[in-house]
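# Understanding the architecture of this molecule
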Amino acid sequence: MDVIMEALPALGSAWGLILQPIVLGYLILGVVMGLCIGVFPGLGGIAGLSLLLPFMFGMDPILGLALMVGMVAVVPTSDTFASVLMGIPGSSASQATVLDGFPMAKRGQAARALSAAFASSLFGGLVGAAFLTVFILIARPIVLEFRTPELLMITIFGLSMVGILAGRVAIKGIVAAGLGMLVGTIGEGASSGDLRMASYDYPYMTDGLKLVIVGLGIFAIPEIISLLRQDRAISQEPQIGGGWIDGVRDWFANIWLSVRCSIIGVIVGVIPGLGGSVVDWIAYGHAVQTTKDKSQFGKGEVRGVIGPESSNNAKEGGGLVPTLLFGIPGSGSMAIFIGAIALLGSGQIEVGPAMLKNNLDITYSIVWLLALANVVGTVICIAASGGIAKLTTIRFALLAPFLFMIISFAAFQSGQNLMDLVALLGIGFLGLMLRRFDWSRPAFLIGFVLSTPAETYANQAVQIAQSQFRKSFGEGLDYIFSPIVIVLVVITVFSVVLGLRQAKTILAEGDVQSGSNKRAPMVMLLAVTAYIAYAFYDAASIPSYSRDRVFPMFVGGVSLVGCAILIIRMMLKPESDTVFADRELNGEEASAAHGLWPTLAWFAGLLILTALLGFILALGLFLFAFMRYRASVSTTFATVYTAAGIAFMCGMAWLLNRDFPPGLLQDYVTLPWPLG
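Residues numbered from 1 in each chain as written. Predicted model: local features only at pLDDT ≥ 70, side-chain atom pairs only at ≥ 80, totals over all residues. Heavy atoms only, no water.

Further remarks concern the packing of helix H11 (residues 170-184) against helix H26 (residues 519-540). In the contact formed by H11 and H26, the axes pass within 11 Å of each other and the chain directions differ by 45°. Classified by the angle between their axes, H11 and H26 sit oblique to one another. Relative to H26, the crossing made by H11 is left-handed. Mapping the contact onto sequence places Val-175, Leu-179, Leu-182 and Val-183 in H11 and Val-528, Tyr-531, Ile-532 and Ala-535 in H26. (Axes fitted to C-alpha atoms, helices over the stretch in contact; angles between N-to-C directions. Helix = DSSP H or I, 4+ residues; strand = E, 2+ residues; numbered from the N terminus. Parallel < 35°, antiparallel > 145°, perpendicular 65-115°, else oblique. Left-handed = near helix turned anticlockwise from the far one by under 90°. Contact = heavy atoms within 4.5 Å.)

Following this line, the structure appears as C-alpha cells:
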C-alpha cells in the first residue's frame, strides 16, 4: 500500500507534464520521424536515435524525452511495412512477421495483414506501458533473481523455437540452426579472445558478422531475387484485399493470443540483451503451438502476424525496466537512449535507482509517453496502410533497385566499407540456397542471433558453478537448479517435443516440392557439411586451455552428426522424398521469366563497380543500367529514377553523418563528397 501511495502523486505529476501542447507536439514529431525511419529496412531505432543525439544536448528534459520516446515506440510498428509488403525484415524485431505477413501480401491481403499487425502492435504497446506502470517499483527484486543460469535457460528456450520452425525434415532445421550458431561465433571469442574462422590478416572478420547484414542477407536478398526473376508485382492478385477493418477484426477474434504474446514480450524484454532479437520468434512459436490447424503457417496465417507484432511492441515497455531501474541497456537502441538522457537539460537526470528516487515523475512520464506514442503511431499507420499496400501491385522491377540500394546502405552502417557489401551478398547467396533447398532460414537466424548470448552465459555459468561446487556439492546444485531454471527446463523440453511433432505441418519456407534428381540437394548438403567440419577443425586447433574452443566444437559436433544422418537418408531414399526439395525444378522458380545467375549478376556488378569506382558512382551506373535495360523503361525515366536515388542516398548519409565505401578510383583521384 505504501508503494501505491508513493506512486500516485508521481503519476499525477507525470500526466501534468506530458499533456502540455508543446510536449504532445514533440511526441508527434518523434512519432513521424520514427515512422519514416522504420519504413526503411534495416535502419531501425539505433539509426533514428543516433540522428537525434546532436539535438539532445541541453534540451528541456521532458521535450527531449517526448521526441526520443516517440521515435523508439513506433519503429517496431512501422518496420512492419517492409516485412509484410516486401518480405524484408524491417528490423530484428520483425523477422518472424515475414513468415506469414509476406505470403498474405502475395495473396492480395496486404492491407488486412498490415492492419492486423498494427492493431496487435497498439495493444502490445499499451500492455507494455501498463506493465511498466505497475512494476516500476516492485520489479527490481524480480529482475535481480535472473542470474547467469536463468539467462542461459532463457536463451536455450529461444533456441527451442527451432523445433517449431524446423520444417518437414526436422534434422535439416536443427543443422540450419547449428550452421547459424557457427556463423555467429566467427571472430574473437568472448572468453579469451581467440579467433574462430577469422584472421588478423583480414580484420573485417575478427569482429564477426553484424545482425543487420545477416538478417537482410538471409531474408531480403532471396526475396528480391525471387520476385525479380518472376518479373511481376509482389501481389499475385490485382486487388490489395480488404481494408483495415478486416485486419482489426482478425486481431479481435484472436485477442487472447495477443494478450499472451504481449505478456511474453514484456517478460523477455525485461531481460537485458535478449529482447528484440528473440521475442518475436518465441511469440511466433507460441502462436503455432496454440493453433489447432497449423497447416496455414508459413502460407499466410494471420495468427502468425498477430503473435509476433503483439510481442515486439510490448517488449519496448519491458526493455525499459532494466534501462530505467539499473541503467542496464536492454538493446542497442536503449544504450543510445541512456546516453541521450545524460545530455538532457543540465544533466540532472541519472538513469538507475537514483531516477526512481529523485525523478519518479519523469520515470512515469517516459512510461505514458510510450503509451501515447503507440496510439498516435498506430492510428497513422492504419490510416496509411491501404495506400501503402498498393506498393504490392507495382511491377517489382521498378522497386527492386531502390530496395537493394536501401539495404546496401543499411548494411554498411556497421563498418562503412566495401566488405559490408561483400558480406551482404555472400550471406544473401547462402539465403538463396537455403530457400531453394528448403533449409529453414528462420532456424538459421535464431541460431545466429542466440549464438553469442548462449556461449557467453554457458561459459559464465560453468565457471561460477565450478567455484560453487568447490565449496560444497549442495551449493553447486542450488546455483544450477534454481526454481526459475527448473520451470524453464520443463517449458523448454515441452516446447522441443511439441515443436518437433508439429514441425511437418509448419512450412516456414512454403510448400517446396521434391526435385527430379538428387545431385543439387546433395551438393548443397555436402557444402554445408564441409563448412561445419572446417569450423569444427578450426575450433579444435585453439589451445585446449581456452574456453573459446568449447562452444563451437560442441555445436559443430552435434551439427556434423545431423549432417551424417541427412547424407545417409539421401543415399537411401528415392528422389521423391521431401529431403530432396528443390524450388528450381518445381514451383515459381521453375517457371520464372529470368534465370538465377543473370539476375544475381546485376548485384554482383554493383559490388564490382563499387570496388572500382566507389559506392555513389557505382550506384548511379547500376540504377540507370538496371532501369533502362532490365526494367525496360525510357531513358528519361531511368535518368530521373537514378537522380532521385542518388539524392535520397546522399540525404540519408548527410543526416546520419555517414560516408560511402570508396573504390580504387579514390586511391588515385581526390573527389568531393559524396564521390570521394
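The rest of the description comes next.
Along its 16 residues, helix H21 (residues 396-411) runs 22 Å from first to last C-alpha, staying within 8% of the 22 Å computed at 1.5 Å per residue. Counted residue by residue, H21 has 14 buried out of 16 residues, so it is predominantly covered. (Expected span 1.5 Å × (residues − 1). Buried < 20%, exposed > 50% of the residue type's maximum accessible area, 1.4 Å probe, protein only.)

Together, Phe-469, Phe-473, Leu-477, Phe-481, Ile-486 and Val-490 line one region of the surface with nonpolar side chains, adding up to about 570 Å² of accessible area. Elements with a contribution of two residues or more to the nonpolar patch: helix H24 (473-480) and helix H25 (483-502). Mapped onto the secondary structure, Leu-477 falls in helix H24. Relative accessible area serves as the criterion here: at 33%, Leu-477 is assigned to the partly exposed category. (Patch = residues over 30% accessible without salt bridge, like charges linked within 9 Å, V, L, I, M, F, W, Y side chains within 5 Å. Areas by Shrake-Rupley, 256 points an atom, 1.4 Å probe, with all protein chains shown as cover. Salt bridge = Lys/Arg side-chain N within 4 Å of Asp/Glu carboxyl O.)

Take the pattern of salt bridges next. Summed over all chains, the structure comprises 5 salt bridges. For the salt bridge of Arg-196 with Glu-455, the shortest nitrogen-to-oxygen distance reads 2.9 Å. Here the residue Arg-196 occupies a position in strand E2 (residues 195-196), and Glu-455 occupies one in helix H23 (residues 441-471), the gap between them amounting to 259 residues. Comparing Arg-196 with Glu-455 shows no difference in burial state: the two are buried. Arg-569 is the partner of Asp-577 in a salt bridge, and the nearest nitrogen-oxygen pair spans 3.0 Å. Of the residues examined, Asp-577 reaches a relative accessible area of 14% and is grouped as buried.

Next up on the list: the packing of aromatic side chains. All chains considered together, the criterion is met by 14 aromatic pairs. Between Phe-637 and Tyr-641 the ring centres are 6.3 Å apart and the planes differ by 35°, which places this aromatic pair in the tilted class. With Phe-637 and Tyr-641 both in helix H30 (residues 635-655) and 4 residues apart, this pair spans about one turn of that helix. Of the residues examined, Phe-637 reaches a relative accessible area of 40% and is grouped as partly exposed. Ring pairs connect the aromatic residues Phe-404, Trp-602, Phe-603, Phe-622 and Phe-626, which therefore count as one cluster. Its end group placed over the ring of Tyr-629, Arg-628 keeps NZ or CZ at 5.9 Å from the ring centre. (Phe/Tyr/Trp six-rings, centres within 6.5 Å; stacked < 30°, edge-to-face > 60°. Lys NZ or Arg CZ within 6 Å of the ring centre and 35° of its normal.)

Glancing now at unusual backbone geometry. Both trends apply: most residues other than glycine have a negative phi, and most peptide bonds are in trans. The phi torsion at Asp-438 lies on the positive side, around 60°, for a residue other than glycine. Counting through the fold element by element, Asp-438 comes out in the loop between helix H22 (418-436) and H23. Under the relative-accessibility criterion, Asp-438 is labelled buried at 13%. In this structure, Ser-632 takes a positive phi of about 55° despite not being glycine. Assignment of secondary structure puts Ser-632 in the loop between helix H29 (615-630) and H30. Take Ser-632: its relative accessible area is 54%, and that puts it in the exposed class.

With that settled, consider the side chain of Arg-436. If you trace the backbone, Arg-436 turns up in helix H22. The exposure class of Arg-436 is buried, given its relative accessible area of 19%. Among the polar contacts listed, one links the side chain of Arg-436 to the side chain of Asp-582, at a separation of 2.8 Å. (Polar contact = N/O pair within 3.5 Å; in protein donor to acceptor, adjacent residues only side chain to side chain.)

For H23, which comprises 31 residues, the first-to-last C-alpha distance of 45 Å matches the rise-based estimate of 45 Å (1.5 Å per residue) to within 8%. Along H23, the largest kink reaches about 45° and is centred on Leu-450; proline Pro-453 follows within four residues of it. A side-chain oxygen of the first residue of H23 lies 3.1 Å from the backbone nitrogen of Ala-443; this N-cap is Ser-440. (Bend = angle between axes of the 7 residues up to and from the residue.)

The next thing to look at is the packing of helix H13 (residues 211-230) against H21. Contact geometry of H13 with H21 gives a least axis separation of 11 Å together with a crossing angle of 170°. Of the possible angle classes, the one that applies to H13 and H21 is roughly antiparallel. The handedness of the crossing between H13 and H21 is left-handed. The segment H13 lies against H21, with Val-212, Ile-213, Leu-216, Ala-220, Ile-221, Ile-224, Leu-227 and Leu-228 engaging Phe-396, Ala-397, Ala-400, Leu-403, Phe-404, Ile-407, Ala-410 and Ala-411.

Turning next to the confidence of the model for the chain. Averaged over every residue, the pLDDT of the chain is 79; the share at 70 or more is 80%. No element of the chain has a lower mean pLDDT than helix H8 (residues 139-144), at 59, and none a higher one than H26, at 93. (pLDDT = per-residue confidence, 0-100.)

Structurally, Ser-546 is set in the loop between H26 and helix H27 (550-572). A relative accessible area of 2% means that Ser-546 is categorised as buried. One polar contact links Ser-546 to Asp-194, side chain to side chain, over a distance of 2.5 Å. Engagement of the side chain of Ser-546 in a polar contact is seen with the backbone nitrogen of Asp-548, the distance being 3.2 Å. With near-sequence residues (within four places) excluded, Ser-546 lies in contact with Ser-192 and Asp-194.

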